[in-house]
Amino acid sequence: MARWCYRHRLVVLLVWVGALLGLGVAASGAGTNYANVFSLPDTDSKRAYDLMEKAFPERSGDTDTVVWKVGEGSVRDESVRSRIEPALEEIGRMAGVGAVSGPYGEQGAAQISEDGRIAYAQVTFAEQADAVPKELVQDVVDTAQDAERDGLEVELGGQAITRVEEPPTGTAELVGVLAAAIVLFVAFGSLFAMLLPIVVAVFGVGTGLFGTQLISHVTDVPELASLLSTLIGLGVGIDYALFIVTRHRRGILRGADPEEAAVTALNTSGRAVLFAGGTVCIALAGMLVTNLRFLDGVVIGTSLTVVLSVLAAVTLLPALLGLLGPRVLSRRQRRRLAAAGPQTEAVSGLAARWSAGVQRRPRTVAVVAVALMAALAIPLLSLRLGTVDQGNDEASTTTRKAYDLLAEGFGPGFNGPLQVVVDGEASDGLVTVLEKTDGVAAVAAVPPANGVSVIQVVPTTSPQDEETDRLIDTLRDDVLPKAGVQGHVGGVTAVSKDFATVTGDRLPLFIGTIIGLGFLLLLLAFRSLVVPLTAAVMNLLAAAASFGVLVAIFQWGHGLELLGLGKEGPIAAFLPIIMLSLLFGLSMDYQVFLVSRMHEEWVHTRDNARAVRVGLAETSRVINSAALIMVCVFLAFVLSGDYGAAMAGVGLAAAVALDAFILRTALVPAVMHLLGKSNWWLPAGLEKRLPHLAVEPGEDAPEPEPVPGGPSSVVHGFVRAPDGEAVEGAAVTLLTPGGRQLDRVVSLADGAYIVAVPAPGTYLLAVTASAFGSRAAQVTVAGGPLVHDVELTPGEVDAVN
């Protein structure tokens, strides 16, 4: 498939361009039909919601609030009314506004605070917030705030108002892509190579978003799905293309034809990308076991974007590689290739030194890494799930100011009233009992409608306060049963509490499901019980530490001002499940990429220390570059203007950074050094029953056929240090070009070695010593013995590939 896409590059490119434009036109014409409805079956708030719909089926439009405050006097003063009333009348005449209810009518006394300094009016739109045109909302905001003067403050709150407070659409995505471009340019040193992963990600995310928008007309898809699809699509799309382009460039530098290099890259790293994309989709599908139906649309949208990003990486990318040819290398690399010819890439520098350092001190590295992760996880012990509302907005926004004014004038609970809903007529005694309940500030009974009674209960505490949660429990467990009433407690605050409770109850099942599926996948891929078990423990450690960071920032408030975000509060109830899905999927990517290289070296040499050292040295730079790109993309969503999106972005950025920079490049290799050959243990009975799954097959060359009757020749020589001293005890391994071990010896006291060669041909000779680095080279044996001396340099890793 890679070869076909490479040779028919214009056809592939046109198909992708046509798909992107076609889906874009169709999605623009159809519009969006996102359904932001939390369906929580078998919860008290859901039963209250169903009764409310029965009582008031006509209340469909979004209701927002205009709040004003005077510095002196009263809002009833003529000087204030003469400015506010004309503004409210003008808003009421706007097309798209259904009704405006102010405090100056006969029924409006309750909309003025006791001290007379704060009042509010309710603006009901004809549509829900997402469907209200931004131009209309902006007109409402401008008209209301034009009434301001010295001593008169006017602010607005509500879901529709939030839309005009957000930065321009695409700001976060653009900043994330620009940051990723800088990282890619530093990594590749080539403008064209930098553009490849970004173009692939744009096509994957674009088609995924347009597809999700069209699917929203067929099934319930929350608006959250589009945000998360962009978040995850940009991250994995750029990362997957980065892995393939890195392997392609390495092949060209080794002298391969660009087409063969592309085919090899897709047949190796491309297979790993397919496997990694599958693990992400499986982790996302784990959300389905929670039985929270609104998450079904999130799974559909994010999984579709991941699938299309993988498809772009394995079809569009080889076509683009065909268009660029050797220009995927930088000019300096092309000049060096032309002047010096193909070169075997030896891993040296910081990556090799770090890998050798982990091998020398695995216990120290493991202890430091675990201590750091444990310290970051401590705040998790105070995790509290809840609702995110406009009280968390940045202090300068009009929505936050309106929220604070309402809390000041009517009490903190006014921003999150509860509804006690009774199927039938509620008695006056129930209203009296509710008024006398501790934690209740005000009670107002609404006349029965369609056989349903609704009593509005305003708590004395804010919607995010733990006391409000206790009040809801008190009403459900004590007050209503003792009053002999079959009532239900609803409202946004009650829904949020129920959602947090359901999430917490189902979280263990969800975590067990995705860990179990990940264990099975890694078991098949690496033929080991220890590797997937280690990965599961590491994933839990990464999740605990990343949620600890999230609690410290968003619940405790450390660093919120630095990030330009609003007020601290509980962690959004939906976040643990979504964040854990993405975290487990992404961390599996890095685990597959790292351990697949170690496994390849282990199969070739059966030397665990060498396999771990070479695997880490070869992959750490790419893993760290990929992680840095994801961190940039995720952190950019702090600029989205959405507090929940910022929370998800910071949490995922912390998770990816900790996973890549501490776990995969420090703790995992350190533990694998400590475990030794046990890493690759698999019971013989299980080995026979497991199907074989090649994540990343080796770049095999034809292997020489052994000559019957014994070896035809030998390779011999001395192993020396740079100063000429003999290296005793160095492991010398002769392998076929495909990586099959033929002979293995240990150098003598004078550094001498000799290995048997089965037949004339080209072989790989790998030499490694614990106090030094390692060296691998191709040797060509003709009819007789071959003399080949080896010099080992401390800290250098020249990997077998």
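For the structure itself, look to the data block above.
Everything numeric in this text was worked out from a predicted model, so none of it was measured. (Residues numbered from 1 in each chain as written. Predicted model: local features only at pLDDT ≥ 70, side-chain atom pairs only at ≥ 80, totals over all residues. Heavy atoms only, no water.)

Enquirer: Hey, could you run me through helix α16 (residues 428–435) in this one?
Expert: An α-helix turns once every 3.6 residues. As a result, residues three or four positions apart point the same way. Of all the positions in α16, only Leu430, Val431 and Leu434 are classed as buried. Projection of α16 onto a plane perpendicular to its axis shows the buried side chains occupying an angular sector of 100°, all on one side. (Buried < 20%, exposed > 50% of the residue type's maximum accessible area, 1.4 Å probe, protein only. Helix = DSSP H or I, 4+ residues; strand = E, 2+ residues; numbered from the N terminus. Arc of directions from axis to C-beta.)

Enquirer: Please explain the sheet that holds strand β1 (residues 63–70) as it appears in this structure.
Expert: Paired through their backbone hydrogen bonds, the strands of a sheet run either parallel or antiparallel. Strand order across the open sheet formed by 4 strands is β2-β3-β1-β4, with antiparallel pairing between neighbours. Every other strand in the sheet has two partners, leaving β2 (97–101) and β4 (152–157) as the edge strands with one partner each. Looking at each pair of strands side by side, their axes are set apart by 20° on average, direction ignored. Strand direction decides the pairing type here: β2 and strand β3 (residues 118–125), joined by 4 bridges, are antiparallel. Bridge pairing in β3 links alanine 99 to threonine 124. Against the sheet, helix α15 (residues 398–410) contacts β1, β3 and β4, and its axis sits at roughly 110° relative to β4. (Pairing = 2+ DSSP bridges. Axes fitted to C-alpha atoms, helices over the stretch in contact; angles between N-to-C directions. Contact = heavy atoms within 4.5 Å.)

Enquirer: What is the right way to look at the pattern of salt bridges in this model?
Expert: Pairs may arise between side chains of opposite charge once their charged atoms sit close together. A full pass over the atoms with the stated rule returns 12 salt bridges. A salt bridge links glutamate 408 to lysine 69; the nearest nitrogen and oxygen atoms lie 2.9 Å apart. Taken together, the residues span a long stretch of sequence, with glutamate 408 in helix α15 and lysine 69 in strand β1 at a distance of 339 residues. Judged by its relative accessible area of 18%, lysine 69 falls in the buried class. (Salt bridge = Lys/Arg side-chain N within 4 Å of Asp/Glu carboxyl O.)

Enquirer: Help me understand the packing of aromatic side chains, please; the structure alone is not making it clear to me.
Expert: Each aromatic ring pair is specified by the distance between its two centres and by the angle formed by the two planes. Going through the model one piece at a time under the given rule, you end up with 5 aromatic pairs. One aromatic cluster in this structure is built from Tyr120, Phe410 and Phe414. Over the aromatic face of tyrosine 6 sits the side chain of arginine 9, whose NZ or CZ is 5.4 Å from the ring centroid. The ring of phenylalanine 192 has arginine 327 sitting right over it, with the charged end atom 5.5 Å from the ring centre. (Phe/Tyr/Trp six-rings, centres within 6.5 Å; stacked < 30°, edge-to-face > 60°. Lys NZ or Arg CZ within 6 Å of the ring centre and 35° of its normal.)

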